[in-house]
Amino acid sequence: VQLQAYGGGLVQIGGSLNLSCAVSTRTISMYTLGWLRQAPGKEREFVAGISRGGGSTSYADSVKGRFRISRDNAENTVNLQMNNLEPEDTAVYYCGADRWAGYISTRPSNYDYWGQGTQVTVSS
């Protein structure tokens, strides 16, 4: 499985960005997908996850109500709509795929496959 995230950039406080991730697999519906991020000097942390069929989602408390994760299994993509961005959201964002958990894991170590990240910078 290969994943490639894109859509990052520089945005002002309160702005919006939409991240997308292309997932190269013929069996995307077998994977729980998630977005995680890593800020300088910090550990990678869970941001949002979505179940295999897309019917369930989970969010970190810090992004609830501002971010929305979605997936399109026909297009092999997972997206993260980020609104009302804050400086604390500045990080490299990664998309990940979890083949085995069967639920939305909030532990970065549970994600088996990662893509190259995309930088999001929120300026004041």
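The following paragraphs examine the structure supplied in this document. What you are looking at is a predicted structure, and each value in this text was computed from that prediction instead of being measured.

Overview of the overall build of the chain
Right, on to step 1. Within the chain one finds zero helices and 11 strands.
Right, on to step 2. Reading the secondary structure of the chain in the N-to-C direction produces β-β-β-β-β-β-β-β-β-β-β.
Right, on to step 3. Taking 2.2 N^0.38 as the reference for a compact globule, 124 residues should give roughly 14 Å; the C-alpha atoms of the chain span a radius of gyration of 13 Å, in line with that estimate.
Right, on to step 4. Considering only C-alpha atoms, the chain reaches an extent of 40 × 25 × 25 Å along its principal axes.
Right, on to step 5. For the chain, with 124 residues in total, the buried portion stands at 44%.
Right, on to step 6. Across the chain, contacts joining residues at least 24 apart in sequence account for 58% of those joining residues at least 6 apart.

Here's the deal with unusual backbone geometry
Right, on to step 1. Phi at Asn-76 is positive, roughly 60°, even though this residue is not glycine.
Right, on to step 2. Mapping Asn-76 onto the fold places it in the loop between β7 (67-72) and β8 (77-82).
Right, on to step 3. You will see that Asn-84, though not glycine, has its phi angle at about 50°, which is positive.
Right, on to step 4. Mapped onto the secondary structure, Asn-84 falls in the loop between β8 and β9 (91-98).

A look at the state of the cysteines
Right, on to step 1. Applying the stated rule across the entire model yields one disulfide.
Right, on to step 2. Linked covalently through their sulfurs, Cys-21 and Cys-95 form a disulfide whose S-S length is 2.1 Å. Torsion about the S-S bond of the Cys-21 and Cys-95 cystine: about 60°, corresponding to right-handed handedness. With Cys-21 in strand β3 (residues 17-24) and Cys-95 in strand β9, this residue pair connects regions lying 74 residues apart in the sequence. Per residue, the accessibility class of Cys-21 equals that of Cys-95, and both read buried.

Concerning the environment of Glu-45
Right, on to step 1. Along the chain, Glu-45 turns up in strand β5 (residues 45-50).
Right, on to step 2. Separated by 63 residues in the primary sequence, Glu-45 and Pro-108 have C-alpha atoms spaced 6.4 Å apart.
Right, on to step 3. Beyond its immediate sequence surroundings of up to four residues, Glu-45 is in contact with Leu-36, Arg-37 and Pro-108.
Right, on to step 4. One polar contact links Glu-45 to Arg-37, side chain to side chain, over a distance of 2.6 Å.

Overview of the packing of aromatic side chains
Right, on to step 1. Summed over the entire model, instances satisfying the criterion amount to three aromatic pairs.
Right, on to step 2. The interplanar angle of 90° and the centroid separation of 6.3 Å between the aromatic rings of Tyr-94 and Trp-114 together place this pair among those described as edge-to-face. Of this pair, Tyr-94 sits in strand β9 while Trp-114 sits in strand β10 (residues 113-114); the two residues are 20 residues apart in sequence, bridging distant segments of the chain.
Right, on to step 3. Given a relative accessible area of 15%, Tyr-94 falls into the buried group.
Right, on to step 4. Note on Tyr-111 and Trp-114: the rings are 6.1 Å apart at their centroids and 55° apart in plane angle, and the pair reads as tilted.
Right, on to step 5. In this structure Trp-114 comes out as partly exposed when scored by relative accessible area, which is 29%.
Right, on to step 6. Among the aromatic residues, those joined into a ring-pair cluster are Tyr-94, Tyr-111 and Trp-114.
Right, on to step 7. Sitting over the ring of Trp-114, Arg-44 keeps its end group 4.4 Å from the ring centre.

Each value, and the rule that gives it
- Residues numbered from 1 in each chain as written.
- Predicted model: local features only at pLDDT ≥ 70, side-chain atom pairs only at ≥ 80, totals over all residues.
- Heavy atoms only, no water.
- Helix = DSSP H or I, 4+ residues; strand = E, 2+ residues; numbered from the N terminus.
- Rg over C-alpha atoms; globule rule 2.2 N^0.38 Å.
- Buried < 20%, exposed > 50% of the residue type's maximum accessible area, 1.4 Å probe, protein only.
- Contact = heavy atoms within 4.5 Å.
- Disulfide = S-S within 2.5 Å.
- Polar contact = N/O pair within 3.5 Å; in protein donor to acceptor, adjacent residues only side chain to side chain.
- Phe/Tyr/Trp six-rings, centres within 6.5 Å; stacked < 30°, edge-to-face > 60°.
- Lys NZ or Arg CZ within 6 Å of the ring centre and 35° of its normal.

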